[in-house]
Structures are given as structure tokens and as C-alpha cells.
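# Remarks on the overall topology
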2 protein chains.
Amino acid sequence: MKKFINDVEQVENEMIQGMVKAYPQYLKQLDGYNVVVRAEKKEGKVALISGGGSGHEPAHGGYVGQGMLDCAVAGAVFTSPTPDAIYEGIKAVDSGAGVLMIVKNYTGDVMNFEMAAEMAQMEGIEVKQVVVCDDVAVKDSLYTIGRRGVAGTVFVHKIAGALAERGASLDEVQAAAQKVIDNVRTMGAAIRPCTVPAAGKPGFELGEDEMEIGIGIHGEPGTHRETLKPANAIVDQLLEQILGDLDYEGKEVAVMVNGAGATPLMELFILNNHISDVLAQKGIPVYRTFVGEYMTSLEMEGFSISLLRLDDEMKELLDAPAHTPAWR
Amino acid sequence: MKKFINDVEQVENEMIQGMVKAYPQYLKQLDGYNVVVRAEKKEGKVALISGGGSGHEPAHGGYVGQGMLDCAVAGAVFTSPTPDAIYEGIKAVDSGAGVLMIVKNYTGDVMNFEMAAEMAQMEGIEVKQVVVCDDVAVKDSLYTIGRRGVAGTVFVHKIAGALAERGASLDEVQAAAQKVIDNVRTMGAAIRPCTVPAAGKPGFELGEDEMEIGIGIHGEPGTHRETLKPANAIVDQLLEQILGDLDYEGKEVAVMVNGAGATPLMELFILNNHISDVLAQKGIPVYRTFVGEYMTSLEMEGFSISLLRLDDEMKELLDAPAHTPAWR
């Protein structure tokens, strides 16, 4: 295993510390926890909290700041954070207007966030949640009942975060987050796996001419393996499944071409070249495109495509200012 | 060779098209050339043009937009753009106030940008240049006489770009760019090489326990090979060489921890954790830190550290607004 690390036991701690030291204008760490909150707490607004395992950087700490999240909780690599850490985060960011938890649909995350919410509710904090389930590749997976939550989660952070910043109520922010979830679909593929530091070996193996279709974001295999095809053919395949799942016809969309961690930007742009052409041919206008690393899986070489159907309110919230390490 | 591409002959063309289709609010392409310019030309200002081989994305097209570059010219992967393409770029962005070329010190780039400048000067366009040479690893390299220009180039784009946006003269913008060059130093290391699509095999080979020290950004080997060390020890080694080259004591700095293309953000943050600690111990205050992929080498797994000494003017220009795909 070749990595720029010091100690497999310390990767999460050192990562969080290195992130907070890089961006003190946006972030601070809660003492004793791998939990980051805004450098300056904003009082009187609904607080947004998200998180999950480490290894998805810049998610989720990179989205903490004005206009997006108030708090991100990081577990061990690809492992849910514990309820006590989530609970500390909820307490730190609540300012009386309530807390919305944005949870990706993985069994461990859902269970631990719910336990934390119960602990906070017993203290009188109003907590609601949404569960993101944008991955069209699988219905149930190794880690999840129902669809997995993947890169589309970042759109939930952005749009719900912008609405919360304007002083909307907890119910309104929850409804906006749910509207994003109802309108976003994602699917991905990979040509190289990643290695969880504590495991020391890749999560799966691929032959020199193989790719994995329908990958999640926890280093697990996808739905099946195929012979590697040209980029455009892979795009066609993923888009067919996404567009077959929701009626995008004539709807303006936001596109996210998300790198899994080791995919060169050159290749993401080559992929977007065809994504853009296909959507144009199908009469689906693209309002905004985001190409880069938004929700990664360590050094996996892969990508996902997310398509979000937009209405005027969502367009405005998507474009609203944000001041965070990874979305500015 | 496993890549998300269609045709090795088309990677540069499809990359540029995919970038422009992703960010039409910032960019447009010059017909017939892999040259991107701002979507809306700003008249009456000094125009900044940069570029080089492809494979360094988001450099340089990702830095075209308000507050940074006016034009980026892309050659084949790791190959200088041709003088005629650079010349077309110069003509497209000049609006009478003159053009500053920001060239990385590689022999091919320097030669071709100078030829283009001569062609433009014959047409009466005022063209000046700066040559970035921030890499402290080598004096002369396979491709360069003198030090190579690497990730520090992005600071030149940012600071000179912000000054040009305010209406400064060509001489003033050139002086600001040169001041950045005089105050920035960079050094890098890698644990996995990258593969130029047209070559089909990696530029060098590394054993399972080896790292390459002093890498450039064109997939070439560095100065020497060593046994892989813990992240903190690598940071110590690179910082020692950077800090030994310029007197940083007591100066505020901007830090860039640049991923080479396949390095997970988790590892870049782990590296920054120690960089930040070492600078604090040495009494070098960090004004801003930038962690991410700014100047890549396809899917090389490596990183570089850049340290820029700042004064008040540079701090203000560094923080000034920019609206580009990769720096916002």
C-alpha cells in the first residue's frame, strides 16, 4: 500500500486537523471529536448537519460554511460516525431554530444519525432529517436497504443550505432538501479500486481491460463488471439508466461530473463533452455543470454523473453565494 | 493503459470542448484552436495569456475568467502549444492595453510564446512576458535550462490577474507577476507515475516501496528515488529545501498543497497538517492555504508544496474576487 500517510490509525484525525488548519476562515474543530463546525456560528437560523465515513473528501467538511452546512461529522474511513459525535455536533450548532440532518442512505449512517437525533430531542432540540438515495445503480446493496446516497448529496447541501441561510423554517428547509432528493439521480463507474488504509489492500480487483459499473462510494464493487469501453459509450450507458429512472424531458438540469479521487480532470472533461452532447440531443437544457471532485472514494479511479431537475427556486438557491473550502 | 478516453488523438480536443461546455458562463473556445478566452471580453484592460501542454487541468483553462486570465492556450499533452495558436490567442484578447504572457520555464513553451509575441508585435500589439521558475528541485532538467515553472504559476495568474482587472498598466502588471515569481518556491514528490495517452506507458517506473523526489509536472522523473517515508518526513524534506532557498523567516506566506492528479484529498490534508505545524514552529505565519488540484500531471499520484512570501498588496490581490471555473 503506497499512500502519503503517517499511521493508519491516525488518518482521520490528521485529515480533519489538516483541513481545519488549511481553512480557519471557514472551519473549526470540536474539541475531542472529528467534527467540524463553522468558524463563526450564525445564530437564529436552522442548522444543517451532515457527515459519514471519512475518505469522501472534500465531503463533508469541505462544505461547511456560509450558505451550506453548519457541521460535518467524520467517522473512520468508510464507516459511520458514532452517535455521540453526531450528538455533539447537533448541540454545537443548534441555536433554537432546529437542526436538519442530511444523511446518505447507508444503514450505519441512518442508524447512528437517528440515535443522535433522539439524544438531542431528549434535550429539547428540534431535529429533523432527510435521507439521500440518489444512486440508480442498485436497489439494495451490501451496506444499504434501498438506494445508496452518493454524489447528489452535495446538491442537497447547497440548495437546502442556501435556503437556511435566508432564515427559512426547519420545515421549509427540510422540504427543500427533500425536493432535491426527489429530483436527483446518480450513477457511476470505475476502472481502479481504492485501498482503505486499515485494510491495506484494494476492496476489489479489476483486470487490465475491465471496469466496474454501478460503484458506490465506499470502495465496494458495483453491480457488475464489463470490458472497458470508450468514454462516450460508458456515458451513454450511465445516462440511459439515469434518464430511464426519472422523466427529465424538457426539464432544465444541473449536471455534476464527479471524480472518485484519482480520475484526472482531463478525463472528466472528456466525459462531460459527451454528456453535454447527449443531453442537448435529448432536449434537456443544462443550466449549470460542475466538473471536479465533490464526493470521492479515496484514490478510486472512477466517476459518477448526477442529474438534478431544477425549478426556478432551486436555480436561484444553487447560484446563491456560498463560502466554504470546497464550494465557493 | 486504462483511461476514460475515446481516442488518444482526440484527448486534447475533447477535453477543451468538454471544459467549455461545462463552463459557458466563463469560457468560450476560439474556432479551430485549443484556445479558450473569457466568454465576455473585457475591453481596455491589460490581457493575461498563459498556457502550456495539456494534462495539467485545471491549468490553464480553468483559470480563465474575471480576475485571472483572459486566455489559455493548450498544446498536446505535456507539449508546448504552437506559436500560431498562441498568436491567435494574443490577437483575440488584446484590446489596446497590451498583453502579458505568463510562461512556465520549459524550453518549448518559452520558445513558442516568444515566437508568438514577435508575430503579434509585428502587428503592433504590445506584448511582454514573465517566465515562472519556482521549482527548487532542479537547476536544469530534461526539458529546461534553469528552474522549471510548476504550481507556483497559479499564484502568478491570481495576483497579476487581480491587478490587471483593476486597470493597472502593462508594466505594473508585469512587475506584480515578477514579484510573485521572485517570492514563490515549490517542490514535489510522487509515489506513482502517469501515462501520456499517446505513449501508452508510464513515464517512469517505481517499486512498491519507492518514491520519486523532485518531480516536475510533465511526467518526467524527479531528481532521485528514495524509499517511501511517512508523510511528515517527506514534508520535512521538501520544506527544508524550499526554506533553504529563500528567506521566509517572519514573513507571512500563502501555502499551496497541490495534488498531482490522483492523490486523495485526505492525503493532501494529512500533508497540510504537518506543513502547518512546521511553519508555525519556524515562526512563519500562514495567511492563506490552498489544498487541492491546481496544476496536475494527469493521474500522477504526488503532490507539491508551494510557499509564497506575501506583502500587503499581494495579500489583497490574492483575496480579490475571481470568477473562473477553478478559482472562485
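Residues numbered from 1 in each chain as written. Chains lettered and ligands numbered in written order. Predicted model: local features only at pLDDT ≥ 70, side-chain atom pairs only at ≥ 80, totals over all residues. Heavy atoms only, no water.

Under the annotation held in an unreviewed UniProt entry, chain A carries the name phosphoenolpyruvate--glycerone phosphotransferase and is attributed to Candidatus Enterocloster faecavium. Quoted verbatim from the Pathway (unreviewed entry) field of the UniProt record, the comment on chain A reads "Polyol metabolism; glycerol degradation." (UniProt positions renumbered as here; feature names shortened; annotations may be inferred.)

### A word on the relation of the copies chain A and chain B
One copy of the chain maps onto the second through a rotation around an axis plus a translation along that axis. Once chain A has been moved 0.0 Å along the axis and rotated by 180°, it coincides with chain B to within an RMSD of 0.0 Å. Look at the turn and shift together and you get a two-fold axis relating the two. It is A262 of chain A whose C-alpha, among those of chain A, lies nearest the rotation axis, at 1.8 Å. Comparing interface residues between copies, 100% of those in chain A also sit at the interface in chain B, which points to an isologous, same-surface contact. (Least-squares fit on C-alpha atoms with pLDDT ≥ 70 in both. Contact = heavy atoms within 4.5 Å.)

### Quick look at helix α7 (residues 265-281) of chain B
Residues and elements named next belong to chain B. Under the 1.5 Å per step criterion, the end-to-end length of α7 is 24 Å for 17 residues, consistent within 8% with the ideal 24 Å. Among the 17 residues of α7, 14 are classified as buried, and the element is accordingly described as predominantly covered. Just downstream of α7 lies G283, where phi reads positive at about 70°. (Helix = DSSP H or I, 4+ residues; strand = E, 2+ residues; numbered from the N terminus. Expected span 1.5 Å × (residues − 1). Buried < 20%, exposed > 50% of the residue type's maximum accessible area, 1.4 Å probe, protein only.)

### Remarks on the sheet that holds strand β5 (residues 99-104) of chain B
To summarise the sheet geometry, strands pair through backbone hydrogen bonds and adopt either a parallel or an antiparallel arrangement. All names here are of chain B. The sheet built from 6 strands is open, its strands ordered β1-β2-β4-β3-β5-β6 with mixed pairing. Both outer strands of the open sheet, β1 (27-29) and β6 (127-132), are each paired with one neighbouring strand and no more. Mean inter-strand twist for the sheet, computed between neighbouring axes without regard to direction, equals 25°. The sheet contact formed by strand β3 (residues 47-54) and β5 spans 4 bridges and is parallel. Considered in β5, the bridge of S50 is made with I102. (Pairing = 2+ DSSP bridges. Axes fitted to C-alpha atoms, helices over the stretch in contact; angles between N-to-C directions.)

### What to know about the interface of chain A and chain B
Residue-level contacts link 59 residues of chain A with 59 residues of chain B. Across the interface of chain A and chain B, roughly 5100 Å² is buried in total on both sides, 59% from carbon and sulfur atoms. If you sort the residues of chain A by the area they bury against chain B, K2, F4 and M266 of chain A come out on top, with a joint share of 21%. Between the two partners, chain A and chain B, sit 2 salt bridges. Ionic pairing is found between K21 of chain A and D277 of chain B, a salt bridge with its closest N-O pair at 2.7 Å. (Buried area = accessible area lost by both parts, 1.4 Å probe. Salt bridge = Lys/Arg side-chain N within 4 Å of Asp/Glu carboxyl O.)

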